[in-house]
Amino acid sequence: MPARPSASRRTVLRGAALTPVAGLALTACSGGGDGGTPATPTAPVDLGAESELAKGAAKLYRDQNVVVSRAENGDLKAFSSICTHAGCAINKLQGTTLICPCHGSEFDATTGEVVQAPATVPLKELSVEAKDGKIVAGPAA
Ligand code: FES
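**A few points about the overall build of the chain**
And step 1. Each helix and strand in the chain was counted, giving one helix and ten strands.
And step 2. Looking at the chain as a whole, 21% of its 141 residues qualify as buried.
And step 3. Once local pairs closer than 6 in sequence are excluded, the contacts in the chain between residues at least 24 apart make up 43%.

**A word on the nonpolar core**
And step 1. Counting residues in each nonpolar core, the largest one holds 21 residues, and the members touching the most others are V66, V67, V68, A78, A109 and A137.
And step 2. Looking at which element gives the most residues to this core, the answer is strand β3 (residues 66–70), with three residues.
And step 3. Ignoring sequence-local partners within four residues, the contact set of V66 consists of P41, V45, L47, Y61, A78, S80, S81, L126 and A137.

**Observations regarding unusual backbone geometry**
And step 1. Cis geometry marks the peptide bond from A117 to P118; its omega dihedral reads 15°.
And step 2. Looking at where P118 falls in the secondary structure, it is placed in the loop between β8 (114–116) and β9 (125–131).
And step 3. Even without glycine at this site, N65 takes up a positive phi of about 60°.
And step 4. Within the element layout of this structure, N65 appears in the loop between β2 (58–61) and β3.
And step 5. Look at N65 and you get buried, because 20 C-beta atoms sit within 10 Å.
And step 6. Phi is positive for D132, which is not a glycine, with a value near 50°.

**Focus on the environment of I135**
And step 1. Tracing the sequence through the fold places I135 in strand β10 (residues 134–138).
And step 2. In sequence terms I135 and L47 are 88 residues apart; their C-alpha atoms lie 5.3 Å from each other.

**Some details on the sheet that holds β9**
And step 1. Pairing in this open sheet of six strands is antiparallel, and the strands run β1-β10-β9-β4-β3-β2 from one edge to the other. In this open sheet, the two edge strands, each paired with only one partner strand, are β1 (45–49) and β2. Sheet twist, expressed as the mean angle between neighbouring strand axes with direction ignored, is 25°.
And step 2. One ladder, built from two bridges, connects strand β4 (residues 76–80) with β9; its direction is antiparallel.

**Remarks on the pairing of β2**
And step 1. Bridge count between β2 and β3: four bridges; the pairing is antiparallel. Bridging from a neighbouring strand, K59 pairs with V68 of β3.
And step 2. In sequence, β2 turns back onto β3 through a hairpin of four residues, with N65 there showing a positive phi of about 60°.

**Topic: the confidence of the model for the chain**
And step 1. Per-residue pLDDT for the chain averages 82, and the proportion of residues at 70 or more is 74%.
And step 2. This stretch, residues 15–34, has a pLDDT under 50; its non-local contacts, to residues over four places away or in other chains, come to one contact.

**Focus on the pairing of β3**
And step 1. Of all five residues making up β3, five are buried, and the element is well covered by its neighbours.
And step 2. Across five bridges, β3 lies against β4 in antiparallel orientation. For R70, the partnering residue across the bridge sits in β4 and is L76.
And step 3. Linking β3 back to β4 in an antiparallel pair, the connection comprises five residues, with G74 at a positive phi of about 95°.

**Quick notes on the sheet that holds strand β7 (residues 106–108)**
And step 1. Across the sheet, four strands lie side by side as β5-β6-β7-β8; this open sheet has antiparallel pairing. For this open sheet the edge positions go to β5 (92–94) and β8, each flanked by a neighbour on one side alone. Going from strand to strand, the sheet's axes swing by 30° on average, the running direction of each strand aside.
And step 2. Bridging between strand β6 (residues 97–99) and β7 involves three bridges; their strand directions are antiparallel. The residue of β7 that forms the bridge with T97 is D108.

The rules behind each value
- Residues numbered from 1 in each chain as written.
- Predicted model: local features only at pLDDT ≥ 70, side-chain atom pairs only at ≥ 80, totals over all residues.
- Helix = DSSP H or I, 4+ residues; strand = E, 2+ residues; numbered from the N terminus.
- Buried ≥ 20, exposed ≤ 12 C-beta atoms within 10 Å, placed from the backbone.
- Contact = placed C-beta atoms within 7 Å.
- Core = buried A, V, L, I, M, F, W, Y, C linked by C-beta atoms within 7 Å.
- Pairing = 2+ DSSP bridges.
- Axes fitted to C-alpha atoms, helices over the stretch in contact; angles between N-to-C directions.
- pLDDT = per-residue confidence, 0-100.

Structure representation (structure tokens):
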């Protein structure tokens, strides 16, 4: 087999290019904190009765910054309702469309996908389950 020196060189270059990005992310994290910035749950949260969510519907839990939808086959899906554009808490749900109050981005609550710019990144998916008749959503599985 021939050696592939170019591949290893590319790997090294990519590693170097990532370093400043990681540094920026760390800075952004430590700069946040207790300023009341809306946040996605970091531990499982009890969202209430499972019966409140009909098949084909979605429900926005503003206090927890979570949106949950139920497919026609009964499957639950949960997403963070923190807008991926600039981090606003989305406070409006029309049918299964989430509308961000800050710059008007819209997301599909059943898939997390962007349906209206300026956001370009889908909502963060969370784990969700029905437990003893209650919906419990948590951090990403
Ligand atoms: S923060 Fe949601 S559209 Fe800008």
